[in-house]
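# Summary of the model geometry
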Amino acid sequence: MAALAAGFATALRRAGLSSSPDRAARLAEALRLVPPDSREPLYWACRVVFVSRKEQLPLFDAVFSAVFDGLLDPAEYRGDRNAPAVGSDPHSAPINPELRTRPAAPDTRPFGEAEDTRKSWPPAPLPARDGSDDRPAPERDAILMMASTDEQLHDVSFAELAPEEIAQMRSLVRQIALSTPERRSRRTRQSTNNRDQLDIRRTVRAAQRTGGDATRLVHARRSPRPRRLVLLCDVSGSMEPFTRVFLSLLQGAVNGAEAEAFVFSTRLTRLTRQLAIRDPDQALARAAASTSDWAGGTRLAESIRRFVDDFGRRGLARGAVVVVFSDGWAQDDPVLVATQMARLRRLAYRIIWVNPRKVAPGYQPLVGGMAAALPYCDAFVSGHSYAALAEVAAAIHADHTSTQFNQRLLNYRT
């Protein structure tokens, strides 16, 4: 089912119909849950997943007919002149130029125009059928294995991307949705559960409508709110191959999760306002113009101290999820790094450290700054590729601190 869904999505994409990888995954899941036993359920499953506008129906029908009904000869695409033509097999359906894929209003377009539309894209290869296969024609399989360009970049390190691939990766990373765990706010909302706290004010207000008799008790509970998300990104020279992609993640978090974004090298700079612009190119240009120490050295302890003193103690880091993107190569004394990380630990709900060097063979967190900061982190992930950012998103969404992880790091450091 996965191969069929991926191949059909590739055929639609070749024909000019938008079909993202997540829609292919949705079709594979639908076919797995409800396997089609005839042509019509397969058609409607594909149509519900891939067609979102009425204007897309003619192109979708042409692609579906070519893939599953054999309206085009697969031998032309394979280059095999000796392959039997579609329709020569007694088990296959004969070619009918007037075949339509859904019982709807007749197509008013001339047949020549519809035929040109189908031939404007390379048909996907269909498996050759022999006499040993006695399945009916509507159930013939389409084996289409073609990974999209986006999927090919999922496991590639950001440092190995070509210049033309960086823009594509930025667009993908910007769409990642980051969500933090919830916390109970001081605001309350009315509840129907009598086990919740009694709301005296609402109960008295309701009693005024019945002559002062409290005929109905009103309960309330504290409404949940997502915790604040704070992102600190190292833009020093050692992090430059990864910074260009991490900034797109920061921009997506600022616009989607209302996160606070900071960058640091030799000093700390707040970029929340600059990255709040919807235009990605303009946002990154304003962010680069606001930072004068781009690709410089790393003063990790001083940057964390500046964040805690100017922003953290004023409430920005209290109960928040703090994510630090850095390789830990700092010029500061490790003792100072540990001191400032301890201060940040007392304010934040969770501290997540993202180090893209973590996936290197034989890597160990023995660098002074990294070794000093690790005992105060709740999660240590790489985030070196698009697939690795899923681990970052999962660590941000976790709703409890990992005391076992901290104890393990303390034992390792000892």
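Up top is the structure these notes are about.
Below: a short report on this structure. Just so it is clear, the model here is predicted, and its values are computed rather than measured. (Residues numbered from 1 in each chain as written. Predicted model: local features only at pLDDT ≥ 70, side-chain atom pairs only at ≥ 80, totals over all residues. Heavy atoms only, no water.)

## Re helix α16 (residues 389–397)
- What α16 keeps buried is the set Leu 389, Val 392, Ala 395 and Ile 396. Buried positions in α16, seen along its axis, are confined to an arc of 115 degrees and lie on one side of it.
- Close packing links the buried residues of α16 with α8 (163–174), β4 (229–234), α10 (240–256), β7 (321–325), β8 (350–354) and β9 (379–381). (Buried < 20%, exposed > 50% of the residue type's maximum accessible area, 1.4 Å probe, protein only. Helix = DSSP H or I, 4+ residues; strand = E, 2+ residues; numbered from the N terminus. Arc of directions from axis to C-beta. Contact = heavy atoms within 4.5 Å.)

## Overview of helix α1 (residues 2–15)
- For α1, built from 14 residues, the straight-helix expectation of 20 Å at 1.5 Å per residue is met to within 8% by its first-to-last C-alpha distance of 20 Å.
- Where α1 is buried, its residues touch α2 (21–33), α3 (39–50) and α4 (57–69).
- Backbone geometry just after α1 places Gly 16 at a positive phi near 105 degrees. (Expected span 1.5 Å × (residues − 1).)

## Regarding the pattern of salt bridges
- On inspection of all chains with the given rule, the structure shows 9 salt bridges.
- Put simply, Asp 327 and Arg 357 hold a salt bridge, and the shortest N to O gap is 3.9 Å. Note that Asp 327 is positioned in the loop between β7 and α14 (334–347) and Arg 357 in the loop between β8 and α15 (368–373), a separation of 30 residues in sequence.
- The class for Arg 357 is partly exposed, based on a relative accessible area of 24%.
- In this structure, Arg 345 and Asp 378 form a salt bridge, with 2.4 Å as the shortest nitrogen-oxygen distance. In this pair, Arg 345 sits in helix α14 while Asp 378 sits in the loop between α15 and β9, placing the two residues 33 residues apart along the sequence. Judged on exposure class, the residue Arg 345 and its partner Asp 378 are both buried. (Salt bridge = Lys/Arg side-chain N within 4 Å of Asp/Glu carboxyl O.)

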